[in-house]
Amino acid sequence: MVYSLAPLTYPVPPSAAMSQSTAAAGRVASPRRIAALALPALVVLAAEPLYVLVDTAVVGHLGRVPLAAVAVGGTVMTLTAWIGTVVAYGTTGRAARRFGAGDRAAAVAEGVQASWSALGAGLAVVVGMQFGGGALAGALAGGGEVGVAAAEWLRIAAFGAPGLLLAAAGNGWLRGVQDTRRPLLFVVGPNLLSAVLCPVLVYPVGMGLNGSAVANVIAQTLSGALFAAALVAERVALRPRPRVIGQQLVLSRDLLVRGVAFQASFLSATAVAARFGAATVGAHQIAVQLWFFAALVLDALAIAAQALVGAALGGGDDATARALARRISRLGAICGTAFAVLAAAGAGVVPTWFSSDPAVHDQALVAWPWFAAMLPLAGVVFALDGVLIGAGDIRYLRNLTVAGALGGFLPAIWLAYALDLGLGGIWAGLMLFTVIRLVGLLLRLRSGAWAVTGAVRGAA
């Protein structure tokens, strides 16, 4: 059930208005309502990584070279998926505001313009990979037969980019109008089909490594087509509007800058860990991948925040938006604490799932206390990220992330290298980064400057 968040249009006494606002805030911000958006989003978020695991397992039986080739090519396509995440997050908040203001058609129109941007970016990826894919794959693989195989895989897989990015835009606007059922079907269905097609094309059909790429293209194209069909079914104008696209690109730019700060930070952390030896970087990789898994789960809560907060502010109801922010941050802390308890309990066991090397296990135990201690804080940080993205307060998020990276994380991890502090120093740097972001987000939440009402951020 979708609750209307449009403002009241008839006069009520102040006390009655406050009572109604409080009741509305409690209803819209209920854990059940949040879960109704977060759980389907979690399945959608997990579908692609799970398919990648299936793809890797299938290709892995072809031999060392094909496995290395799909790893190299997959790294490039992951960057395309990251662009898709930026498109989805930027679209959700804008569409949710329109939806909350009672204008579903305008919310869907945001999806139309985002889809044009996504299609253009996807076609650019296709063209770019046909001409530059070989050189890029060769550079990443260091040449040789792995580079040749990766280039061939990448040229085929790139044809799925338009569908992949159209699906991201579709996820964005459908979340904005609080429709979680169709994204679930449009993403999971094609991924299941691809999981079946991949081994068939690779082995019985005899396409080998290229069969994996073809299965990817089929799934991504089908998914994109389903989201495009959903737009057409809404019966809104489908022509591109450059002004709206430009406004969306500003949001995307800020989210991209924020993402680059994250990428630079984690790449630097890996580079520093590698300088401490193979066991250290191996343990760091285990902890980082588990951190990313926790982030994936907690991002589902952030997506619910984007949709609900955007709709509340679009409907002119900042009281509901503030109630949502408080409740979602508490839920984030609870989820993060649950992860922390599981991580602490598995400290002596989980690293053995990923490596049989005792030196790696010893190094993992150095990072583990930092990893577990950060999770409750990260739960709040990820939740409040979703609140501010839903509110369209992207510039503040960008500045906070860049400040945390340049003023905290990067100096700390390179200082850890200079002072020979090992993996503990690296994870202390990540803790500092998380604390800086947490403090900045709580200050922003307290100031109320993020809670700008109106169908468009900045409107009266």
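The coordinates are above.
If you're wondering where the values come from, they're calculated on a predicted model, not measured in any experiment.

Draft legend 1. A look at the environment of Ala283. Checked against the element boundaries, Ala283 lands in helix α10 (residues 278–314). You can call Ala283 buried: its relative accessible area is 1%. Along the primary structure Ala283 and Pro376 are separated by 93 residues, whereas in three dimensions their C-alpha atoms are 21 Å apart. Ignoring anything within four residues of it in the chain, the contact list for Ala283 reads Val360, Gln363, Ala364 and Leu423.

Draft legend 2. Fine view of helix α14 (residues 394–418). With 25 residues, α14 should cover 36 Å at 1.5 Å per step; its first-to-last C-alpha distance of 34 Å lies within 8% of that length. The principal kink in α14, of about 40°, is found at Ala405. Within the span of α14, buried status applies to Ile394, Leu397, Arg398, Leu400, Thr401, Gly404, Ala405, Gly408, Phe409, Leu410, Ile413 and Ala416. Contacts from the buried residues of α14 go to α9 (242–275), α13 (358–391) and α15 (422–447). Directly beyond the C-terminal end of α14, a positive phi value near 55° is found at Asp420.

Draft legend 3. Examining the environment of Ala264 more closely. With respect to the helices and strands, Ala264 occurs in helix α9. In this structure, the C-alpha to C-alpha distance between Ala264 and Ala405, residues 141 residues apart in sequence, is 8.4 Å.

Draft legend 4. Spotlight on helix α3 (residues 64–100). Spanning 37 residues, α3 covers 52 Å between terminal C-alpha atoms, matching the ideal 54 Å at 1.5 Å per step. Just downstream of α3, Gly102 is the residue with a positive phi angle, here 90°.

Draft legend 5. Geometry of a nonpolar patch on the surface. A grouping of Val196, Val200, Val205 and Met207 is seen on the molecular surface, where their side chains present a nonpolar patch of about 320 Å² in accessible area. Its place among the elements puts Val196 in helix α7 (residues 181–202). A residue is classified by how much of its surface remains accessible, and Val196, at 54% relative accessible area, is exposed.

Draft legend 6. Just the environment of Leu251, in detail. Along the chain, Leu251 turns up in helix α9. In this structure, the C-alpha to C-alpha distance between Leu251 and Gly90, residues 161 residues apart in sequence, is 6.0 Å. With residues near it in sequence (within four places) discarded, Leu251 still touches Gly90, Arg94, Gly392 and Ile394.

Draft legend 7. The arrangement of the nonpolar core in detail. Counting 83 residues, the largest nonpolar core has Trp291, Trp368, Trp427 and Trp450 as its most contacted members. Breaking this core down by element, the ones donating at least two residues are α2 (31–60), α3, α9, α10, α11 (318–345), α13, α14 and α15. Ranked by the residues each element gives to this core, the list is headed by α10, at 20 residues. Residue contacts for Trp450: discarding those within four places in its chain leaves Val309, Leu313, Ala321, Arg322, Ala325, Val387, Leu388, Ala391, Asp393, Arg444, Leu445 and Arg457.

What counts and what doesn't
Residues numbered from 1 in each chain as written. Predicted model: local features only at pLDDT ≥ 70, side-chain atom pairs only at ≥ 80, totals over all residues. Heavy atoms only, no water. Helix = DSSP H or I, 4+ residues; strand = E, 2+ residues; numbered from the N terminus. Buried < 20%, exposed > 50% of the residue type's maximum accessible area, 1.4 Å probe, protein only. Contact = heavy atoms within 4.5 Å. Expected span 1.5 Å × (residues − 1). Bend = angle between axes of the 7 residues up to and from the residue. Patch = residues over 30% accessible without salt bridge, like charges linked within 9 Å, V, L, I, M, F, W, Y side chains within 5 Å. Areas by Shrake-Rupley, 256 points an atom, 1.4 Å probe, with all protein chains shown as cover. Salt bridge = Lys/Arg side-chain N within 4 Å of Asp/Glu carboxyl O. Core = buried A, V, L, I, M, F, W, Y, C linked by side-chain atoms within 4.5 Å.

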